[in-house]
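Remarks on the overall topology
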Amino acid sequence: QVQLVESGGGLVQPGGSLRLSCAASGNMVNIYNMAWYRQAPGKQREWVASIVRSGSTYYADFVKGRFTISRDNAKNMVYLQMNSLKLEDTAVYYCNADPPVASLPRYWGQGTQVTVSS
């Protein structure tokens with residue numbers, strides 16, 4: 001059974017850091033393009049960052065320079081290092097696996113809560 005399990009969320013003060021982890025089953029990290037999304041209360045889910053199979057990374061403008069996405073192919077893990085956190089970064093963060101071909105399914109984790117508060 002394919003699974004994505006996020007961890008690492010929590011409560012942090014503005015300006016602080018957190019590192020989110022996403023454990024993927026099977027060989028997914030090597031096959032899929034991986035991404036992080038987030039959803040704040042009352043808002044739509046939005047894309048945060050992606051790391052594609054080639055290793056190239058992409059970021060939403062609102063996290064560029066503060067967040068870093070990375071992966072460990074051997075461990076089937078994807079990470080999101082979040083620095084200089086702001087109040088508006090408060091959201092549930094979701095790991096996403098985007099298939100290389102349309103015939104394969106897309107997968108989501110259950111989400112991990114990140115709360116930035118003083």
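The structure presented is a predicted model; accordingly, all values stated were derived computationally and were not measured. (Residues numbered from 1 in each chain as written. Predicted model: local features only at pLDDT ≥ 70, side-chain atom pairs only at ≥ 80, totals over all residues. Heavy atoms only, no water.)

What the protein contains, in helices and strands, is one helix and eleven strands. Listing the helices and strands of the protein from first to last along the sequence gives β-β-β-α-β-β-β-β-β-β-β-β. Relative to the compact-globule value of 13 Å for 118 residues, the protein shows a C-alpha radius of gyration of 14 Å, a close match. Its C-alpha atoms give the protein principal-axis dimensions of roughly 45 × 25 × 25 Å. In the protein, which comprises 118 residues, the proportion classed as buried is 42%. Look at the contacts in the protein between residues 6 or more apart in sequence, and 53% of them connect residues 24 or more apart. A total of about 6,100 Å² of accessible surface is found on the protein, and carbon and sulfur atoms cover 48% of it. Side-chain charges in the protein split into 11 positive and 7 negative, and the spacing between the mean points of these groups amounts to 3 Å. (Helix = DSSP H or I, 4+ residues; strand = E, 2+ residues; numbered from the N terminus. Rg over C-alpha atoms; globule rule 2.2 N^0.38 Å. Buried < 20%, exposed > 50% of the residue type's maximum accessible area, 1.4 Å probe, protein only. Contact = heavy atoms within 4.5 Å. Areas by Shrake-Rupley, 256 points an atom, 1.4 Å probe, with all protein chains shown as cover. Lys, Arg positive; Asp, Glu negative; His and termini not counted. Charge placed at Lys NZ, Arg CZ, Asp CG, Glu CD.)

A few words now on the pattern of salt bridges. When their charged atoms lie close together, side chains carrying opposite charge are able to pair. Throughout the structure, instances matching the rule amount to five salt bridges. Among the salt bridges present, the one from Glu 46 reaches Arg 38, with a minimum N-O distance of 2.8 Å. Since its relative accessible area comes to 31%, Glu 46 is described here as partly exposed. The class of Arg 38 is buried, set by a relative accessible area of 6%. Between Arg 106 and Asp 98 there is a salt bridge, with the nearest N and O atoms lying 3.6 Å from each other. In the salt-bridge network here, residues are joined through shared partners; they are Arg 38, Glu 46, Arg 66 and Asp 89. (Salt bridge = Lys/Arg side-chain N within 4 Å of Asp/Glu carboxyl O.)

With that out of the way, let us pick up the nonpolar core. Counting residues in hydrophobic clusters, the biggest one holds 30 residues, and the most contacted among them are Met 34, Trp 36, Leu 80, Met 82 and Tyr 93. Of all elements in the fold, only strand E3 (18–24), helix H1 (28–31), strand E4 (33–39), strand E5 (46–51), strand E7 (67–72), strand E8 (77–82), strand E9 (91–98) and strand E11 (112–116) reach the threshold of two or more residues within this core. Not counting residues within four places of it along the chain, the set of residues in contact with Met 82 comprises Gly 16, Ser 17, Leu 18, Leu 20, Arg 66, Phe 67, Tyr 93 and Val 114. (Core = buried A, V, L, I, M, F, W, Y, C linked by side-chain atoms within 4.5 Å.)

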